[in-house]
Amino acid sequence: MNRPGLRRIDDQRDVMVDLGNERPQLPARARNQSPIVPRASIAGRALVAVVAIMTFLAAMTTGVVLLISASAAEWQSDVSSEITIQVRAAQNRDLDRDAATAADIARAQSGIVEVRVFSKEESAKLLEPWLGTGLSLDDLPVPRVIVARVTPGTPLDLAGLRGRLTAAVPSATVDDHRAWIERMRSMTGATVLAGLGVLALVIVATVISVSFATRGAMAANKPIVEVLHFVGASDRYIADRFFRHFLMLGLQGGLIGGGAAIFVFGFSESIATWFSGTPVGDQFAALLGTFSLRPTGYLTLVGVAVLIAAITALASRRTLFATLAAIE
């Protein structure tokens, strides 16, 4: 006796077992969504963190070097466009008259476009960073300072100017700041070399970290590699599958580290703007200028991030082929 309920269950079972021509056909791309090398088997977070930290350090070092180089160039440009004449007090001579005579000689010199004579109070104020405030300098023979601005690119006859000043005002001396400019150039060169050294250390550390991570991933996926070799896959085919993973990890780390460095410099520029006019802001402005990178500087930071990501990919690729040769 056939019950209606049992017949209905058998009909459903037949439909589930044999779909015949009604079986759905999946496209080839949909049937091959799962990668050969599982992404979860590669410890990517640690490598992304390492690459991000290295990129951040490299970008910060590069940005600081660019700031110091730009500030040093501005200092050198400002200082090289000026000369300083100092008139000291001498016996039986009027200091104010000697200062006025020296200023007239400087104005008559070819190539000098502006001459400013500091008053006694202004000259004394220049000594406040060393002597402090609130001191009476009336009894001290404070020299007069004269600042002359030179036309940029115009050669100045300093020897002739010194000779005329010495003849008219024996206590006058001329300083073209050449020694200070040479020291500034030496300091800037040393800073650039130090920055390049730090960048080289970061690159070496990145290569070592990526090499160890690549070897660890290959060791963890050794059975998969052996099966691929067994079915006839070449080393290049296997390396490409791993290389894609490490390339994406390197790009992620470079994007995070580079973005963090760009944010720090942009935020620091905003802070410098807020503190402008304060003693702290003036000290930072004297050391690093406006503490702002030019658009080319930010592009350089992006280039550093891309460089670290490329180094990560190249280091992983080289380690992949070496490890595959050892597995064979």
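Note that residues are indexed from 1 along each chain, following the sequence as it is written. Whole-chain, interface and lining totals are the exception, using all residues; otherwise, since this is a predicted model, local features are given only for residues with pLDDT of at least 70 and side-chain atom pairs are given and counted only at 80 or more. Hydrogen atoms and water are omitted, and side-chain values are computed over all heavy atoms in the structure.

Visitor: An account of the packing of aromatic side chains is requested, with residue identities and associated values reported.
Guide: Note on aromatic pairs: the rings of Phe, Tyr and Trp (six-membered ring only in Trp) are paired at centre separations within 6.5 Å, and the planes decide the class, stacked below 30 degrees, edge-to-face beyond 60, tilted for the rest. This structure, assessed with the given rule, holds one aromatic pair. By definition, being over a ring means that NZ of Lys or CZ of Arg is both within 6 Å of the ring centre and within 35 degrees of the ring normal. When the ring centre of Phe118 is taken as reference, the NZ or CZ atom of Arg116 above it lies at 4.3 Å.

Visitor: Lay out the sheet that holds strand E1 (residues 82-87) with the relevant residues and their values.
Guide: Pairing is antiparallel in the open sheet, where four strands are placed in the order E2-E3-E1-E4. Among the strands making up the open sheet, the edge pair consists of strand E2 (112-117) and strand E4 (172-175). When the angles between neighbouring strand axes are averaged without regard to direction, this sheet yields 20 degrees. Strand pairing requires that DSSP identify at least two bridges connecting the strands. Helix and strand definitions here come from DSSP, where helices need a minimum of 4 consecutive H or I residues and strands a minimum of 2 consecutive E residues; each element is numbered from the N-terminal end. Pairing of E2 with strand E3 (residues 144-150), which is carried by five bridges, proceeds in the antiparallel orientation. What sits directly across from Ile112, in E3, is Val150. As a rule, the C-alpha atoms of each element are fitted with a line to give its axis, helices using only the stretch in contact, and angles between N-to-C directions run from 0 to 180 degrees.

Visitor: Now, about the packing of helix H4 (residues 95-107) against helix H7 (residues 158-168): what can you tell me, with residues and values included?
Guide: When two helices pack together, you describe them by how their axes are tilted relative to each other and by the distance separating the axes. Running from amino to carboxyl end, H4 crosses H7 at an angle of 155 degrees, the nearest separation of the two axes being 10 Å. One way to sum up the angle between H4 and H7 is to call them roughly antiparallel. The element H4 and its partner H7 pack so that their crossing is right-handed. Contact residues: Thr101, Ala102, Ile105 and Ala106 in H4; Leu161, Arg164, Leu165 and Ala168 in H7. Residue polarity follows a fixed list, in which Ala, Val, Leu, Ile, Met, Phe, Trp, Tyr, Cys and Pro are nonpolar, Asp, Glu, Lys and Arg are charged, and the others, Gly among them, are polar. Partitioning the contact of H4 with H7 into residue classes produces six nonpolar, one polar and one charged. Roughly parallel refers to an angle under 35 degrees, roughly antiparallel to one over 145, roughly perpendicular to one between 65 and 115, and oblique to any angle outside these ranges. When the near helix sits turned anticlockwise from the far one by under a right angle, the crossing is termed left-handed; a clockwise turn instead gives a right-handed crossing. Contacts between residues were defined by any pair of non-hydrogen atoms, one from each residue, lying within 4.5 Å.

Visitor: Residue-level account of the confidence of the model for the chain, with values.
Guide: On a scale of 0 to 100, pLDDT captures the predictor's confidence in every residue. For the chain, the mean per-residue pLDDT works out to 76, and 76% of the residues sit at or above 70. Mean pLDDT across the secondary structure elements of the chain bottoms out at helix H2 (residues 28-31), with 46, and peaks at H4, with 87. When the criterion is pLDDT under 50, residues 12-26 qualifies, and its contacts beyond four places in sequence or with other chains add up to one contact.

Visitor: Lay out the pattern of salt bridges in plain terms, naming residues and giving numbers.
Guide: Here a salt bridge means any side-chain nitrogen of Lys or Arg lying within 4 Å of a carboxyl oxygen belonging to Asp or Glu. Evaluation of the coordinates by the stated rule reveals five salt bridges. Its salt-bridge partner being Asp96, residue Arg144 comes within 2.9 Å of it at the nearest N-O pair. Remark: Asp96 occurs in helix H4 and Arg144 occurs in strand E3; sequence separation between them is 48 residues.

Visitor: Tell me what's going on with H4, and back it up with residues and numbers.
Guide: Multiply 1.5 Å by the residue count of a helix minus one, and that product is the helix's expected span. Here H4 contains 13 residues, and its C-alpha end-to-end distance of 18 Å stays within 8% of the 18 Å for a straight helix at 1.5 Å per residue. Using a 1.4 Å probe on the protein chains alone, a residue whose accessible area is under 20% of its type maximum counts as buried, one over 50% counts as exposed, and one in between counts as partly exposed. Buried residues of H4: Leu95, Asp98, Ala99, Ala102, Ala103, Ile105 and Ala106, and no others. The buried side chains of H4 occupy one side of the element, clustering within an arc of 160 degrees when seen end-on. On the buried face of H4, the contacting elements are E1, E2, E3 and H7. Any N or O atom pair separated by 3.5 Å or less is treated as a polar contact, with the protein-specific requirement of one donor-capable and one acceptor-capable atom, and with residues adjacent in sequence counted only for side-chain atom pairs. For H4, the capping residue at the N-terminal end is Asp94, with a side-chain oxygen 3.2 Å from the backbone nitrogen of Asp96. As used here, the arc is the angular range of directions from the helix axis to the C-beta atoms.

Visitor: With reference to specific residues and values, describe the side chain of Arg144.
Guide: On the basis of relative accessible area, Arg144 is assigned to the buried category, the value being 9%. A polar contact is formed between the side chain of Arg144 and the side chain of Asp96, at a distance of 2.9 Å.

Visitor: How would you sum up the nonpolar core? Please name residues and give values.
Guide: Remark: nonpolar core denotes a set of buried residues (Ala, Val, Leu, Ile, Met, Phe, Trp, Tyr, Cys) joined through side-chain atoms within 4.5 Å. Counting 25 residues, the largest nonpolar core has Ile238 and Phe242 as the members making the most contacts within it. Sequence-distant contacts of Ile238, that is, excluding residues within four places in its chain, are made with Val225, Leu228, His229, Ala233 and Leu324.

Visitor: Got a sec to walk through the packing of helix H8 (residues 178-220) against helix H9 (residues 222-230)? Specific residues and values, please.
Guide: Look at H8 against H9: their axes get within 4 Å of each other, and the N-to-C directions meet at 70 degrees. As summarised for this structure, H8 and H9 are arranged roughly perpendicular, according to the angle between their axes. Across from Met218, Ala219 and Ala220 in H8, the residues of H9 making contact are Lys222, Pro223 and Val225. Of the residues assigned to the contact of H8 with H9, the class counts are five nonpolar, no polar and one charged.

Visitor: Please give an account of a nonpolar patch on the surface that cites residues and values.
Guide: The patches described consist of residues with a relative accessible area above 30% and no salt bridge, like charges being joined within 9 Å and nonpolar side chains (Val, Leu, Ile, Met, Phe, Trp, Tyr) within 5 Å. Residue-level accessible areas treat just the shown protein chains as cover; the underlying method is Shrake-Rupley with a 1.4 Å probe. The grouping of Val204, Ile208 and Phe212 at the surface amounts to a nonpolar patch, some 310 Å² of accessible area in total. Tracing the sequence through the fold places Val204 in helix H8. Classification of Val204 as partly exposed rests on a relative accessible area of 47%.

Visitor: Lay out the environment of Ala58 with the relevant residues and their values.
Guide: Relative to the helices and strands, Ala58 resides in helix H3 (residues 44-80). By relative accessible area, Ala58 is classed as buried at 0%. Ala58 sits 138 residues away from Leu196 along the chain, and the two C-alpha atoms are 9.4 Å apart. Beyond its immediate sequence surroundings of up to four residues, Ala58 is in contact with Leu199, Val202, Val304 and Ile308.

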